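Residue-level listing of the chains:
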Amino acid sequence: MAGFGLALAQPDRPVMVLTGDGEMLMALGALATIGQHNPGNLAIVVLDNTAYGETGAQVSHTATTDLVGVAAACGIAHCERIEDQPAVDDGLAGRLQQPGKGTLFSVVRIASAEVPRAIPIRDSAYVKAGSGRRSACRSTAADDRGAARATFSRRGFQVARGTRYRVTVQRVAGAHPTGRARARGGPWAVGQRHQPLEALEHVAGMEHDRKR
Amino acid sequence: MSTAPSPAPSWPDELFGVLQDFDVRQLAYVPDSGHAQLIRRAHQDERMTAISLTTEEEGVALAAGAWLGGQRAALLMQSSGVGNCVNMFSLLRACKLPFLTLVTMRGEWGEFNPWQIPMASATEPVLRAMGIEVQRIEQPDEAADVLRHAASMAYDGGAAMAVLLSQRLIGAKIFKL
């Protein structure tokens, strides 16, 4: 819902909500609320491992509940299930970069295995304040040197077939596109890059300063 | 429902004027008869987006997102809806977000519905327990003044504010069986 409020407030900016199946199940009604408005600049991406990972990996309700079906029944314009990396790179990435006529709801099936992760900053007021900031940061990737005003967060996860993927969600402000799978239009881009894996929690519209 | 213009604005119209003055752009609500006029005005207003919620806690998160995007939002709900919001109110304190809600009171004046009674006396303590400042409107002629000062505390001062509209002001529902 916070992503929905943000998307309404910033209709010219793509907004992506990245969440898990457990959290999405807590707010099924929000899909009915969003389905009434269907903003084209909003995408909801659910990483679905059918488990409540933080609390001991109890099986979640997506073992029996089909979130894609729920979203479609709530009137969300574009609902899809993604089960392999090509569908992320070639399908989802493009759809995130080019907002459509209605809200996108995408359930990405991922494996439950624990991946190395970094603890995100938990000071919520700090994170909120960071959403308005642009900071120059230099990425470790050679093809990123042109992106002087990029800030980014990355989340790595394993797709169902067990191969490790690194998915980069990158916000590039005012930089020219470099490298493959980079910003092709719109401020948000999802691409694949080979960098040390760091997983950060990310909320749509918020950025973390990254000094490298 | 009369559609003829009334000679003087009613207190709901005055409240709506205050929201307009403060450039509130998103008005979230769970349908409520006490807020019927405000809801109607929000849907008619070109600058406002009226959002009907399936449950009141959605409105708290919506308001947070609106603020992140540079817009002001307000939440219209009934006293019973406050109970549905409790954990979501944590968002306001954790992130230090401004907030404004208008709460029509049930269960405190001539209430016929037993399901409304429990939250009536719990509404103010629950709001205060979650760090939200509570103010009340009892009389029609104080409505705009109270809301104006509460809105200023919220949008200018950054506070989380709840303005309770007494059931005596709204008028107790009369259902004939």
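Scroll up a little and you will see the structure.
With reference to specific residues and values, describe the overall build of chain A.
A tally of regular secondary structure across chain A gives six helices and nine strands. Classification of the 212 residues of chain A by burial places 50% in the buried group. Across chain A, the fraction of contacts at a sequence separation of at least 24, relative to all contacts at a separation of at least 6, is 72%. Surface summary for chain A: the accessible area is close to 9,900 Å², and the carbon and sulfur share equals 53%.

I'd like a description of the sheet that holds strand S5 (residues 78–82) of chain A, backed by residues and values.
Residue and element names in this part refer to chain A. Read across the sheet, four strands follow the order S1-S2-S6-S5 without closing on themselves; strand pairing throughout is parallel. Two strands in the sheet have a free side with no partner beyond their single neighbour: strand S1 (15–20) and S5. Direction aside, neighbouring strands of the sheet carry axes that sit 15 degrees apart on average. Pairing geometry for strand S2 (residues 42–48) and strand S6 (residues 104–109), over six bridges, is parallel. What sits directly across from Val-45, in S6, is Ser-106. Along the sheet, helix H5 (residues 85–97) contacts S1, S2, S5 and S6; its crossing angle with S5, the most-contacted strand, is approximately 155 degrees.

Which residues make up unusual backbone geometry, and what values do they have?
Glycine aside, residues mostly have negative phi, and peptide bonds are mostly found in the trans state. If you check the backbone angles, Thr-50 of chain A has positive phi at about 55 degrees while not being a glycine. Here Thr-50 of chain A falls in the buried class, since its relative accessible area comes to 18%. Residues other than glycine seldom take positive phi values, yet Asp-23 of chain B does so here, at roughly 60 degrees. With respect to the helices and strands, Asp-23 of chain B occurs in the loop between helix H1 (11–21) and strand S1 (24–29). On the basis of relative accessibility, which here comes to 33%, the residue Asp-23 of chain B falls in the partly exposed class.

Thresholds, definitions, all that
- Residues numbered from 1 in each chain as written.
- Chains lettered and ligands numbered in written order.
- Predicted model: local features only at pLDDT ≥ 70, side-chain atom pairs only at ≥ 80, totals over all residues.
- Heavy atoms only, no water.
- Helix = DSSP H or I, 4+ residues; strand = E, 2+ residues; numbered from the N terminus.
- Buried < 20%, exposed > 50% of the residue type's maximum accessible area, 1.4 Å probe, protein only.
- Contact = heavy atoms within 4.5 Å.
- Areas by Shrake-Rupley, 256 points an atom, 1.4 Å probe, with all protein chains shown as cover.
- Pairing = 2+ DSSP bridges.
- Axes fitted to C-alpha atoms, helices over the stretch in contact; angles between N-to-C directions.

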